[in-house]
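What follows is each chain in one-letter form.
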Amino acid sequence: MGSRARNGEGLVMRQRSATELSLGDRVRLSALVADRSRRAVLARALNSPLLRWRYGSPAVDQLLIVPQDLRPSDPSFWREVQLGQFGLAGALADLGGRSPFEFAPPTKAWSRSLHGFGWLRHLQAADSDAAREMARRLAIEWSIRHRGGSGVAFEPMVLGRRIISWLSHATLLLEGADRATYDALMESLGRQLIVLSGAWRDASEGMPRLVALMALTLADLCIAGRDRRLEHDARLFAGELSRQIRKDGCHISRHPGIGVELMLDLLPLRQCFTARDRTPPGSLVTVTGRMIAMLRHMRMGDGHIARFNGMGIPSPAALATVIAYDEDQALPPAKLLASRYQRMERGGTIVIVDAGAAPPLMVSGEAHAGCLSFELSAGPRLLVVNGGAPGASDKDWRAVSRATASHNTLCLGERSSARLVRHAQLEELIGGMPIRGPDRVDAAIAAQADGAVALRASHDGYLADFGLLHHRSLALDATGARLTGIDRLAPPKGHLRLKRDVPFSIHFHLHPEVAVEAVEGGNTVTFANGTEFWRLVAEGAALSVEESIHFADSAGPRESLQLVLRGATFGETEVRWALERIA
């Protein structure tokens, strides 16, 4: 696996560097830096002692309601804590009798998870006096250690997550607590809300800003005396929600898994509006319906979300919880697919295609270079899947997992169709390495007279480097037993003869549970997952079976296989292939 990592890094290093930022990118970056600086100055000013009075008294006397935590809990977490281990965000800390707040964090993700207090749900699930006592003790310790309001613990998203966790597990923290503990925790909660009321403006674009505003709105509903701020905070939150969620219910980052995370917060928030007999913002009701419909749209046959643009290790329990709230069980109308994820479904076979351009620069920190890639499942079994995103403990694989070669699409000249932008200031702003391109993606999907469904699409990700467009046509027959594809490289118009032939590869990454059964005649390969037998037949390129890595596995990056069509183009090339079920 080490050699493949080095090879993968070689591909990633071909991406556009900081000195290669386009003029448009530099203009956007300057605007982003200016906006972030303005927000930071405003947040600091509003959190100054002279202006904090705007947010009311820090005193919190009474909770009116306790929101429900819909995230799945893990009772085994408490058993690990009893053994002196604190496992968060894919990293394990052996505390050796120390408090986790005294321990040097193994990763920044671990630190953010620790200060976010999401682990309270696991202690509550343990349902023991010892677990309750530890939860109160750690919350009190945190309150004493972090009165200053700085560092990772007070990043707007971490602060918002902690407020949501404390409110959702108030019974764990407060029920049965003595008066001094109760007062200390409520006073700390009030101080945190004062800080967040100004600090949300300094939150990064995307989820961090949304979570911060959601925490304020939730607190206004749950805490006595904050009603006067509800209209203001709910209006800000609703506006941000409408801006970040597209008409088809997909987040502007095009990360399909964000929908699950958001819904686990939005559903309890909507319940709190009902419990307080308050009318929720119209956008909250509308958006939650769209988001659930989009999640259904992105589900493969095994019930999990397809692996595109940062989607990693699945959480079946979380997705099942969200889907259970879907009353209509409808897919989003095709005309509303602003995210450009296209679904082809016939006879129990599902094909989902990424036919969209890169997301906006500020929310592209987890996006992948997988334009026109697809995943295929037959019944409940996954067959052809993208590599997906690795977990937090395997972040060294992240750049490789984002490369085009880790997706089921065409890779030209051993380069990705999108470029990772290496720019320290930009990475700091958005919390990850952004991605740029393709700039233009065209796609159209339609049902055919014979009952098949066909997709035609193209992108310009290779136009700047090679003067070529990648065209892809896919057709799933009426029975779902045959997916045919045509991949074509051609100039935008006229004819083109390159100075030298450029190698290309078309990848079909198999799920780790899929086994290659036979290689027949050079251009036919048979493979199977359980009782599902399929074969890939191709013409126009040489077919080989090669090693691959499946990144989105709970046990870490996992070895798998891929079928690869390799050839070289002189400027115009067409490769035809078919994936077909064997009776």
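Everything that follows concerns the structure shown earlier in this document.
Residue positions are given per chain, counting from 1 as you read along its sequence in written order. With pLDDT at 70 or above as the cut-off, local features in this predicted model cover only qualifying residues; side-chain atom pairs require 80 or more to be listed or tallied, and sums for whole chains, interfaces and linings still use all residues. Based on all heavy atoms of the structure, the side-chain values leave hydrogens and waters out of the count.

K.L.:
Lay out the nonpolar core with the relevant residues and their values.
P.N.:
To form a nonpolar core, buried Ala, Val, Leu, Ile, Met, Phe, Trp, Tyr and Cys residues must be joined to one another through side-chain atoms within 4.5 Å. Type-normalised accessible area, obtained with a 1.4 Å probe on protein chains alone, sets the label of each residue: buried when under 20%, exposed when over 50%, and partly exposed for intermediate values. In this structure, Phe86 and Trp119 are the most contacted members of the largest nonpolar core, which totals 96 residues. Among the elements that line this core, the one with the most residues is helix α10 (residues 207-222), at 12 residues. The next biggest cluster of nonpolar side chains, apart from the first, holds 39 residues, and it includes Val353, Phe374, Cys411 and Trp577. Numbering of helices and strands starts at the N terminus; helices are DSSP runs of H or I of at least 4 residues and strands are runs of E of at least 2.

K.L.:
Which residues make up the sheet that holds strand β7 (residues 410-412), and what values do they have?
P.N.:
The strand order β7-β14-β19-β18 describes an open sheet built from 4 strands, whose pairing is antiparallel. A single partner strand is all that each edge strand has here, and the edge strands are β7 and β18 (542-550). When strand polarity is set aside, the average angle formed by the axes of neighbouring strands in this sheet is 30°. As defined by bridge partners, β7 adjoins strand β14 (residues 502-509) across 3 bridges and the pair is classed as antiparallel. Each bridged residue has a counterpart across the sheet, and for Leu410 the counterpart in β14 is Ile506. Strand pairing follows a simple DSSP-based rule, namely that at least 2 bridges must link the two strands. Between the N-to-C directions of two axes lies an angle of 0 to 180 degrees, each axis being a line fitted to C-alpha atoms and, for a helix, fitted only over the stretch in contact.

K.L.:
Would you mind going over the packing of helix α9 (residues 179-199) against α10 in detail, with residue names and values included?
P.N.:
Between α9 and α10, the shortest axis-to-axis distance is 10 Å and the interhelical angle comes to 135°. In this view, α9 runs oblique relative to α10, as classed from their interaxial angle. For the element pair α9 and α10, the recorded crossing hand is left-handed. Only Ala212, Ala215, Leu216 and Ala219 of α10 make contact with α9, whose side of the interface consists of Leu193, Leu196 and Ser197. By residue class, the composition of the contact of α9 with α10 is 6 nonpolar, 1 polar and no charged. By definition in this entry, angles of less than 35 degrees are roughly parallel, angles greater than 145 are roughly antiparallel, angles of 65 to 115 are roughly perpendicular, and the rest are oblique. Take the far helix as your reference; a near helix turned counterclockwise from it by less than a right angle gives a left-handed crossing, and one turned clockwise gives a right-handed crossing. It only takes one pair of heavy atoms within 4.5 Å for two residues to be counted as in contact. Under the scheme applied, nonpolar residues are Ala, Val, Leu, Ile, Met, Phe, Trp, Tyr, Cys and Pro; charged residues are Asp, Glu, Lys and Arg; polar residues are all the others, including Gly.

K.L.:
How would you explain the pairing of strand β6 (residues 381-384) if you had to name every residue and give the values?
P.N.:
With 3 bridges joining them, strand β5 (residues 374-378) and β6 adopt antiparallel strand pairing. Each bridged residue has a counterpart across the sheet, and for Ala378 the counterpart in β6 is Arg381. Turn length for the β5-β6 hairpin, with the two strands adjacent in sequence and antiparallel, is 2 residues, and the turn residue Gly379 shows positive phi of about 60°.

K.L.:
Let's hear about the pattern of salt bridges: which residues, and what values?
P.N.:
For salt bridges, the criterion is a side-chain nitrogen of Lys or Arg within 4 Å of an Asp or Glu carboxyl oxygen. The final tally for this structure, using the stated rule, is 36 salt bridges. Ionic pairing is found between Glu187 and Arg191, a salt bridge with its closest N-O pair at 3.0 Å. Remark: Arg191 and Glu187 occur in helix α9; sequence separation between them is 4 residues, near one turn of the helix. Since its relative accessible area comes to 30%, Glu187 is described here as partly exposed. For Arg191, a relative accessible area of 17% puts it in the buried group. Taking the shortest distance from any N to any O, the salt bridge between Arg566 and Glu546 comes out at 2.8 Å. Within this pair, whereas Arg566 is found in strand β19 (residues 558-569), its partner Glu546 is found in strand β18, the two being separated by 20 residues in sequence.

K.L.:
Describe the packing of aromatic side chains, and please don't skip the residues or the numbers.
P.N.:
Pairing of aromatic rings covers Phe, Tyr and Trp, the last counted by its six-membered ring, and requires centre-to-centre distances within 6.5 Å; plane angles under 30 degrees mean stacked, over 60 mean edge-to-face, and any other angle means tilted. On inspection of all chains with the given rule, the structure shows 15 aromatic pairs. Relative to Trp110, the ring of Phe103 has its centre 6.2 Å away and its plane inclined at 55°; by these criteria the two rings are tilted. By relative accessible area, which is 1% here, Trp110 ends up buried. Relative to Trp142, the ring of Phe117 has its centre 6.4 Å away and its plane inclined at 90°; by these criteria the two rings are edge-to-face. Of the two residues, Phe117 sits in the loop between α4 (108-116) and α5 (120-126) while Trp142 sits in helix α6 (residues 129-145), which places them 25 residues apart along the sequence. Following the ring pairs from residue to residue traces out a cluster consisting of Phe77, Phe86, Phe101, Phe117, Trp119, Trp142, Phe154 and Trp166.

K.L.:
Tell me what's going on with the state of the cysteines, and back it up with residues and numbers.
P.N.:
A pair of cysteine sulfur atoms is labelled a disulfide when the two atoms are within 2.5 Å. Scanning the model with the defined rule gives 0 disulfides in all. There is no disulfide at Cys272, and the cysteine sulfur nearest it, in Cys222, is 4.2 Å away.

K.L.:
Help me get a handle on helix α13 (residues 282-297), residues and values and all.
P.N.:
Multiplying 1.5 Å by the residue count of a helix minus one yields the expected span of that helix. Here α13 is 16 residues long and its end C-alpha atoms lie 23 Å apart, about the 22 Å a rise of 1.5 Å per residue gives. Residues of α13 that are buried include every one of Ser283, Leu284, Val287, Thr288, Met291, Ile292, Ala293, Met294, Leu295, Arg296 and His297, and no others. Contacts from the buried residues of α13 go to α11 (227-244), α12 (258-275), α14 (316-323), β3 (341-346) and β4 (349-354).

K.L.:
Which residues make up α12, and what are the values?
P.N.:
The end-to-end C-alpha distance of α12 is 26 Å, a good match for the 26 Å that 18 residues give at a rise of 1.5 Å each. Of all 18 residues in α12, 13 are buried; the element is thus mostly enclosed. One or two residues past the end of α12 sits Asp277, with phi positive at roughly 55°.

K.L.:
I'd like a rundown of the sheet that holds β4, residues and numbers included.
P.N.:
Read across the sheet, 4 strands follow the order β3-β4-β5-β6 without closing on themselves; strand pairing throughout is antiparallel. With partners counted over all chains shown, the strands left at the sheet margins are β3 and β6, one partner each. Going across the sheet, the axis of each strand differs from the next one's by a mean of 20°, ignoring polarity.

Scope: geometric values only; no functional claims are made or implied.
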